[in-house]
Amino acid sequence: MILGIGVDIVEIGRMRKAVAKEAFVKRVFTEAEAAYCRSRGAGMAESFAGRFAAKEAVLKAFGTGLREGRLLDIEIVNDELGCPKLLLYGAFRDMAEARGLKHAWISISHAREHAVAQCVFEG
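Residues numbered from 1 in each chain as written. Predicted model: local features only at pLDDT ≥ 70, side-chain atom pairs only at ≥ 80, totals over all residues. Heavy atoms only, no water.

A word on the sheet that holds strand E4 (residues 103-110). Spatially, the three strands line up as an open sheet ordered E1-E5-E4, and their pairing is antiparallel. Two strands close off the open sheet at either side, each with one partner strand: strand E1 (2-11) and E4. Sheet twist, expressed as the mean angle between neighbouring strand axes with direction ignored, is 10°. Where E4 lies against strand E5 (residues 114-122), eight bridges are found, and the strand directions are antiparallel. Each residue of the ladder has a partner; that of histidine 103, found in E5, is glutamate 122. (Pairing = 2+ DSSP bridges. Helix = DSSP H or I, 4+ residues; strand = E, 2+ residues; numbered from the N terminus. Axes fitted to C-alpha atoms, helices over the stretch in contact; angles between N-to-C directions.)

Below is the structure:
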């Protein structure tokens, strides 16, 4: 059963400016996420934008916005094949358990100027 769906789109240029400020990166991205995005070289801004869009899509799938936790409690990692996976901590993990979340499907894509992500919660 589908428990929630969320989608978000981010302007890569705006993210490029935002991640130039380390305070923003530390407030929004886990150390692992930041390391992954920085490892992408010329595609760094696209990777940050895609992960930010994924986090926003997760918030929309929950239907709560950010009033329950922090963006650092939502982590987007890659599996061994490069597929994005969702890890939840704190209030968001508790909320997922309470709602019976069994799996979260995350998809991220980007083009020249935008990154988009979708999240589908299955329970």
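Moving on, we come to the packing of helix H3 (residues 31-38) against helix H4 (residues 44-62). Two elements in contact, H3 and H4, have axes whose closest approach is 7 Å; the angle formed by their N-to-C orientations is 145°. Facing H3, whose interface residues are Glu33, Ala34, Tyr36, Cys37 and Arg38, H4 presents Met44, Ser47, Phe48, Arg51 and Lys55. For the contact of H3 with H4, the residue count by class is five nonpolar, one polar and four charged. (Contact = heavy atoms within 4.5 Å. Nonpolar A, V, L, I, M, F, W, Y, C, P; charged D, E, K, R; others polar.)

The feature "binding site: Mg(2+)" (unreviewed entry), as annotated in UniProt, sits at Asp8 and Glu56 in this numbering. The largest pairwise C-alpha distance within this set of annotated residues, which runs over 49 residues, is 6.1 Å, so the set is compact in three dimensions. Structurally, aspartate 8 can be placed in strand E1. For aspartate 8, a relative accessible area of 13% puts it in the buried group. Beyond its immediate chain neighbours, meaning those up to four positions away, aspartate 8 contacts Ala53, Glu56, Ala57, Lys60, Ala115, Val116 and Ala117. Side-chain polar atoms of aspartate 8 contact the side chain of lysine 60, separated by 2.8 Å. (UniProt positions renumbered as here; feature names shortened; annotations may be inferred. Buried < 20%, exposed > 50% of the residue type's maximum accessible area, 1.4 Å probe, protein only. Polar contact = N/O pair within 3.5 Å; in protein donor to acceptor, adjacent residues only side chain to side chain.)

Before going further, it helps to spend a moment on a nonpolar patch on the surface. Together, Val7, Ile9 and Val116 make up an exposed nonpolar region whose accessible area comes to about 250 Å². Within the secondary structure layout, valine 7 lies in strand E1. (Patch = residues over 30% accessible without salt bridge, like charges linked within 9 Å, V, L, I, M, F, W, Y side chains within 5 Å. Areas by Shrake-Rupley, 256 points an atom, 1.4 Å probe, with all protein chains shown as cover. Salt bridge = Lys/Arg side-chain N within 4 Å of Asp/Glu carboxyl O.)

Counted under the stated rule, the structure contains five salt bridges. Note that lysine 55 and glutamate 33 form a salt bridge whose closest N and O atoms lie 3.0 Å from each other. Taken as a pair, lysine 55 in helix H4 and glutamate 33 in helix H3 lie far apart in primary sequence, 22 residues in all. The partner of aspartate 73 in a salt bridge is arginine 70, and the shortest N-O contact between them spans 3.2 Å. Look at aspartate 73 and you get buried, because its relative accessible area is 9%. For arginine 70, a relative accessible area of 47% puts it in the partly exposed group.

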